[in-house]
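So you can see what is in the structure, the chains are spelled out below.
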Amino acid sequence: VQLVESGGGLVQPGGSLRLSCVASGFTFSRYDMRWYRQAPGKERELVASLTSTGGSTKYADSVKGRFTISRDNTKNTVYLQMNSLKPEDTAVYYCRALIVGRIYWGQGTQVTVSS
């Protein structure tokens, strides 16, 4: 199993980024996917989750209305569209899969929101 995130970077407050996580090594379309983030000195927190078909999503209160999680099962990819970014969104963002009782993480992608 491999999860590879990309799309992070430096963006000004109010800007947008789209993160991607490409999955391999398992049947991607069968599994729910999640995005987490971890800011310096803080615990890793759940940002958004998405069912295997993409039919149901959940978001942390702090990102509702600004972030959108989606997936393309033909590309084995899950996305996180982040709009109206705030300095408090600065963190390393990780995608996560739970497969047959085992958790898999990507290496993370850094998002920095600063003027």
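Refer to the structure presented above.
Residues numbered from 1 in each chain as written. Predicted model: local features only at pLDDT ≥ 70, side-chain atom pairs only at ≥ 80, totals over all residues. Heavy atoms only, no water.

(A) Just the sheet that holds strand 1 (residues 2-6), in detail. Across the sheet, four strands lie side by side as 1-3-8-7; this open sheet has antiparallel pairing. Because the sheet does not close on itself, it has two edges, and the strands there are strand 1 and strand 7 (67-72). Neighbouring strand axes in the sheet, compared pairwise and without regard to direction, differ in orientation by 15° on average. (Pairing = 2+ DSSP bridges. Helix = DSSP H or I, 4+ residues; strand = E, 2+ residues; numbered from the N terminus. Axes fitted to C-alpha atoms, helices over the stretch in contact; angles between N-to-C directions.)

(B) Examining the pattern of salt bridges more closely. This model, assessed by the stated rule, comprises four salt bridges. A salt bridge links Asp-89 to Arg-37, with the nearest nitrogen and oxygen atoms 2.9 Å apart. Placement of Asp-89 in the loop between strand 8 (77-82) and strand 9 (91-99) and of Arg-37 in strand 4 (residues 33-38) is noted, with a sequence separation of 52 residues between them. Arg-37 gets classed as buried once you look at its relative accessible area, which sits at 5%. The buried category is assigned to Asp-89, whose relative accessible area is 1%. When salt bridges that share partners are traced, they join Arg-37, Glu-45, Arg-66 and Asp-89 into one network. (Salt bridge = Lys/Arg side-chain N within 4 Å of Asp/Glu carboxyl O. Buried < 20%, exposed > 50% of the residue type's maximum accessible area, 1.4 Å probe, protein only.)

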